[in-house]
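Residues per chain, in single letters:
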Amino acid sequence: MSHLKYLSAYNEQTQQQVSQLIAQNRLGEILLKRYSKPHDLRTDRALYQYVQDLKTEFLRNAEPINKVEYDSKIHVINHALGLHTSVSRVQGGKLKAKHEIRVATMFKEVPLEFLRMIAVHELAHIKEKQHDKAFYKLCTYMEPNYHQYEFDLRLYLTQLETEGRKLWA
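This structure is a prediction, so every number in the text was calculated from the model and none was measured.

Trainee: How should the overall build of the protein chain be read in this particular structure?
Mentor: Looking only at helices and strands, one finds 6 helices and 3 strands in the protein chain. Listed by position from the N terminus, the elements making up the protein chain come as α-α-α-β-β-β-α-α-α. For a compact globule of 169 residues, the expected C-alpha radius of gyration is about 15 Å, and the protein chain comes in at 17 Å, within 12% of that figure. Dimensions of the protein chain along its principal axes, counting C-alpha atoms only, are 65 × 30 × 25 Å.

Trainee: Can you walk me through the confidence of the model for the protein chain in this structure?
Mentor: Predicted coordinates in areas of low pLDDT are best not read in detail. This prediction gives the protein chain a mean pLDDT of 91; 95% of its residues lie at or above 70. When mean pLDDT is compared element by element in the protein chain, helix α5 (residues 133–142) scores highest at 98, while strand β2 (residues 82–91) scores lowest at 75.

Trainee: Help me understand the environment of Arg154 in this model?
Mentor: Relative to the helices and strands, Arg154 is located in helix α6 (residues 146–163). Arg154 sits in the partly exposed class, given a relative accessible area of 28%. Contacts of Arg154, omitting those with residues within four sequence positions, involve Tyr6, Leu7 and Tyr10.

Trainee: When you look at helix α1 (residues 12–23) in this model, what are you seeing that I'm missing?
Mentor: Think of an α-helix as 3.6 residues a turn; residues three or four steps apart then line up on the same face. The end-to-end C-alpha separation of α1 is 16 Å, in line with the 16 Å expected for 12 residues at 1.5 Å each. Along α1, the residues that are buried comprise Thr14, Gln15, Val18, Ser19, Leu21 and Ile22. Here the buried residues of α1 occupy an arc of 160 degrees about the axis, which is enough to place them on one side. Seen from the buried face of α1, the exposed residues on the opposite side, beyond 90 degrees, are Gln13 and Ala23.

Trainee: Before we go on, may I ask you to explain the pattern of salt bridges in this structure?
Mentor: Side-chain pairing between opposite charges can occur once the charged atoms of the two side chains come close. Applying the stated criterion across every chain, the model contains 9 salt bridges. Here Glu143 ties to Arg116 by a salt bridge, and the two come within 2.5 Å at their closest N and O atoms. Of this pair, Glu143 sits in the loop between α5 and α6 while Arg116 sits in helix α4 (residues 112–127), and the two are 27 residues apart along the sequence.

Cut-offs applied
- Residues numbered from 1 in each chain as written.
- Predicted model: local features only at pLDDT ≥ 70, side-chain atom pairs only at ≥ 80, totals over all residues.
- Heavy atoms only, no water.
- Helix = DSSP H or I, 4+ residues; strand = E, 2+ residues; numbered from the N terminus.
- Rg over C-alpha atoms; globule rule 2.2 N^0.38 Å.
- pLDDT = per-residue confidence, 0-100.
- Buried < 20%, exposed > 50% of the residue type's maximum accessible area, 1.4 Å probe, protein only.
- Contact = heavy atoms within 4.5 Å.
- Expected span 1.5 Å × (residues − 1).
- Arc of directions from axis to C-beta.
- Salt bridge = Lys/Arg side-chain N within 4 Å of Asp/Glu carboxyl O.

See the structure below:
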């Protein structure tokens, strides 16, 4: 089951179930039933406002985010769906950090749940730098269904790779 690279961390039984769905051409159908339509946050400005609203709701005391945008240079091939960067500069006698979040352009045409999962993931990096227990606890605090959305996104990436067609385009 080496063709299931996005699901390689999951157990053999889960991988077999997904392989059966692929063989029956039903993976896309199941995802479309679960998530019927894409979100409408198409511009960088709308994305920025969405992420800012999440930050205001869950991370009020965190450092500000200076930029949020879709980025066509981020590719799934590089094992990245989004990036959080922090640039520190000295201004006067103080050290100032600027935080930027970039989200892969593929997220323009997915359900809101997938976009929310990646936004929550990148926001969590403001507080927790490593992918450890505290990081995932923060992710599930901001989105209780975080792990389900991540799994379903992995299913979608698998579907994209095997069938080559976008479901919500």
